[in-house]
Amino acid sequence: MFRPMVLEFKPQGIYCPAGDFFIDPWSPVDRALITHGHADHAREGHNRYLATDIAAPVMRHRLGDITLDTMPYGEVREIGGARVSFHPAGHIPGSAQIRVEVGGEVWVVSGDYKTTPDRLSTPFEPVRCHSFITECTFGLPVFTWPSEEETAAEINAWWAANAATGTYSLLGAYSLGKAQRLLSLLDPAIAPILTHGAVEATNAILRGQGLHLPDTTHVTPELDPKTHPGALILAPPGVLAGNWARRFRPASTGFASGWMRLRGVRRRRSVDRGFVMSDHADWAGLNEAIKSTGAENIYPTHGYTDIFARWLSDQGYNAQPVPTEFTGEMLEEDGA
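Here goes a summary of the coordinates provided. Bear in mind the structure is a predicted one, so any value in this text is a computation, not a measurement.

Looking at the overall build of the protein
Moving on, step 1. Along the backbone of the protein there are eight helices and 19 strands.
Moving on, step 2. In terms of overall size, the protein behaves like a compact globule, its C-alpha atoms giving a radius of gyration of 20 Å where 336 residues would be expected to give roughly 20 Å.
Moving on, step 3. Once the C-alpha set of the protein is aligned to its principal axes, its extents read approximately 70 × 45 × 30 Å.
Moving on, step 4. When the 336 residues of the protein are sorted by exposure, 57% land in the buried category.
Moving on, step 5. For the protein, restricting intrachain contacts to residue pairs at least 6 apart in sequence, the fraction spanning at least 24 positions comes to 60%.
Moving on, step 6. Entry remark: accessible area of the protein is about 13,700 Å², with carbon and sulfur atoms responsible for 51%.
Moving on, step 7. With 29 positive and 38 negative side-chain charges, the protein shows a separation of 5 Å between the mean positions of the two kinds.

Here we look at the sheet that holds strand S15 (residues 232-235)
Moving on, step 1. Pairing within the open sheet is parallel, and its six strands lie in the order S14-S13-S15-S12-S16-S17. One side of each edge strand has no neighbouring strand; the edge strands of this open sheet are strand S14 (217-218) and strand S17 (273-276).
Moving on, step 2. Here two bridges tie strand S13 (residues 193-195) to S14, and the two strands are oriented parallel to one another. Residue pairing in the sheet places Thr 195 in a bridge with His 218 of S14.
Moving on, step 3. Against the sheet, helix H4 (residues 197-208) touches S13, S14 and S15, its axis set at about 100° to S13.

Side note on the packing of helix H1 (residues 56-63) against H4
Moving on, step 1. The contact between H1 and H4 brings their axes to 9 Å, and the two run at 145°. For H1 against H4, the interelement crossing comes out right-handed. Where H1 abuts H4, its residues Pro 57, Val 58 and His 61 lie against Ala 201, Ile 205 and Leu 206.
Moving on, step 2. For the contact of H1 with H4, the class distribution of residues is five nonpolar, one polar and no charged.

Re the side chain of Glu 148
Moving on, step 1. You can see Glu 148 is positioned in helix H2 (residues 148-164).
Moving on, step 2. Note on Glu 148: relative accessible area 12%, which makes it buried.
Moving on, step 3. At a separation of 2.8 Å, a polar atom in the side chain of Glu 148 contacts the side chain of Arg 181.
Moving on, step 4. Glu 148 has contacts with Pro 117, Asp 118, Arg 119, Arg 181 and Leu 185, leaving out every residue within four places of it along the chain.

Concerning the packing of helix H7 (residues 283-293) against helix H8 (residues 305-314)
Moving on, step 1. For the pair H7 and H8, the least separation of the axes is 13 Å and the interaxial angle reads 50°. The pairing of H7 with H8 is recorded here as oblique in orientation. Considering the relative orientation of H7 and H8, their crossing is right-handed. Taken together, the residues of H8 that come into contact with H7 (itself represented by Trp 283, Leu 286, Asn 287 and Ile 290) are Phe 308, Trp 311 and Leu 312.
Moving on, step 2. Residue composition of the contact of H7 with H8, by class: six nonpolar, one polar and no charged.

Focus on the pattern of salt bridges
Moving on, step 1. Following the criterion strictly, the structure yields 13 salt bridges and no others.
Moving on, step 2. Note that Arg 48 and Asp 30 form a salt bridge whose closest N and O atoms lie 2.5 Å from each other. With a gap of 18 residues between them, Arg 48 in strand S5 (residues 48-52) and Asp 30 in the loop between strand S3 (21-23) and strand S4 (31-33) connect regions that are remote in the sequence.
Moving on, step 3. Two residues, Arg 77 and Glu 75, come together in a salt bridge whose shortest N-O distance is 3.8 Å.
Moving on, step 4. On the accessibility criterion, Arg 77 (23% relative accessible area) is partly exposed.
Moving on, step 5. Assessed through its relative accessible area of 34%, Glu 75 is described here as partly exposed.

Looking at the environment of Leu 171
Moving on, step 1. Topologically, Leu 171 is positioned in strand S12 (residues 168-172).
Moving on, step 2. Separated by 61 residues in sequence, Leu 171 and Leu 232 place their C-alpha atoms 7.1 Å apart.
Moving on, step 3. Ignoring any residue separated from it by four or fewer positions in sequence, one finds Leu 171 in contact with Ile 155, Trp 158, Leu 182, Leu 232, Ile 233, Leu 234, Ala 235, Leu 240, Gly 254, Phe 255, Ala 256 and Phe 275.

Considerations on the sheet that holds strand S9 (residues 96-102)
Moving on, step 1. Taken together, seven strands build an open sheet; the order of strands is S7-S8-S9-S10-S11-S18-S19 and the sheet is mixed. Edge positions in the sheet fall to strand S7 (77-79) and strand S19 (318-319), since each of these pairs with one other strand and no more.
Moving on, step 2. The pairing of strand S11 (residues 131-136) with strand S18 (residues 297-303) spans six bridges and is parallel. Note on S18: the bridge partner recorded for Phe 132 is Ile 298.
Moving on, step 3. Docked against the sheet, H7 engages S11 and S18, running at close to 170° with respect to S11.

Digging into the packing of aromatic side chains
Geometrically, a pair of aromatic rings is defined through the distance of the ring centres and the angle of the planes.
Moving on, step 1. Counted by the stated rule, this structure contains 17 aromatic pairs.
Moving on, step 2. Ring centres of Phe 138 and Trp 259 lie 4.7 Å apart, and the angle between their planes is 55°; this geometry places the pair in the tilted category. Of this pair, Phe 138 sits in the loop between S11 and H2 while Trp 259 sits in the loop between strand S16 (251-257) and helix H6 (263-269), and the two are 121 residues apart along the sequence. Here the two residues Phe 138 and Trp 259 agree in accessibility, since each one is buried.
Moving on, step 3. Three or more aromatic residues joined by ring pairs make a cluster, and in this case those are Phe 138, Phe 143, Trp 145, Trp 259 and Tyr 304.

What counts, and where the lines are drawn
Residues numbered from 1 in each chain as written. Predicted model: local features only at pLDDT ≥ 70, side-chain atom pairs only at ≥ 80, totals over all residues. Heavy atoms only, no water. Helix = DSSP H or I, 4+ residues; strand = E, 2+ residues; numbered from the N terminus. Rg over C-alpha atoms; globule rule 2.2 N^0.38 Å. Buried < 20%, exposed > 50% of the residue type's maximum accessible area, 1.4 Å probe, protein only. Contact = heavy atoms within 4.5 Å. Areas by Shrake-Rupley, 256 points an atom, 1.4 Å probe, with all protein chains shown as cover. Lys, Arg positive; Asp, Glu negative; His and termini not counted. Charge placed at Lys NZ, Arg CZ, Asp CG, Glu CD. Pairing = 2+ DSSP bridges. Axes fitted to C-alpha atoms, helices over the stretch in contact; angles between N-to-C directions. Left-handed = near helix turned anticlockwise from the far one by under 90°. Nonpolar A, V, L, I, M, F, W, Y, C, P; charged D, E, K, R; others polar. Polar contact = N/O pair within 3.5 Å; in protein donor to acceptor, adjacent residues only side chain to side chain. Parallel < 35°, antiparallel > 145°, perpendicular 65-115°, else oblique. Salt bridge = Lys/Arg side-chain N within 4 Å of Asp/Glu carboxyl O. Phe/Tyr/Trp six-rings, centres within 6.5 Å; stacked < 30°, edge-to-face > 60°.

Next up, the structure:
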């Protein structure tokens, strides 16, 4: 049975001809539907943006005075000949999968997603479809995630041990999403929590949206570290080895990422402790999510695309890797 291509892959990104819009395009276009506010998905230069109402404040913070329309999860909108709706992706607050229906044919673009719930994001909801464009950042069996409770216990024990010896704890994490998720797991009774400006700016936005985060103190040039003994300092990974972090001595360094599952990466990051925690689906989560869509056509993108597509083909799916410019959770530092 012939089925039309609801979405096409163009040099600018994923395109819907029936609606004349792109999804998370990486080159400037007229209309862009955005899955979430991370910089590799929500880029500058588009004439019009459409995202969830929850994602909008962070997008305005990062992109400035843009023409931004919003939709709540589950609402359906007609755009040209396409019916469009946003559905929770569980990645960061406001993140969405985008469902596109044309003539009864349904495609879903996952954006970045995580199938296990956390304390901040709307939980992932599987969406039935014929074709599923799925991220596969961690599409290898080695990538498995511990529970949030296990990770929280591990981080708080490291922090408490450091504080007991007068050592600061410098913890690296992405400024949007991962940092706030870590904050929700920290025990503020151990010692003060300090934050880099990039993290604190995002904290303020999410607090303004009603999300509960523990009290934090912004690290300014005037801050005297001696007045915050044993503090945990949450910052983008890229600043941990620079002048910004040198005022906190002695210090132990840590990094929270799915890449910490790989020993070689932990050594290359040159941190004292690696904590395995990701806002992306692990191997089991990816397979579970794909199965739950009921899709017969799977398009893995950014990550281990070729390997994951071969695995899916072996499982009976029609799977084809799709090159994109999304980066997901990167091995390198977060510049945000």
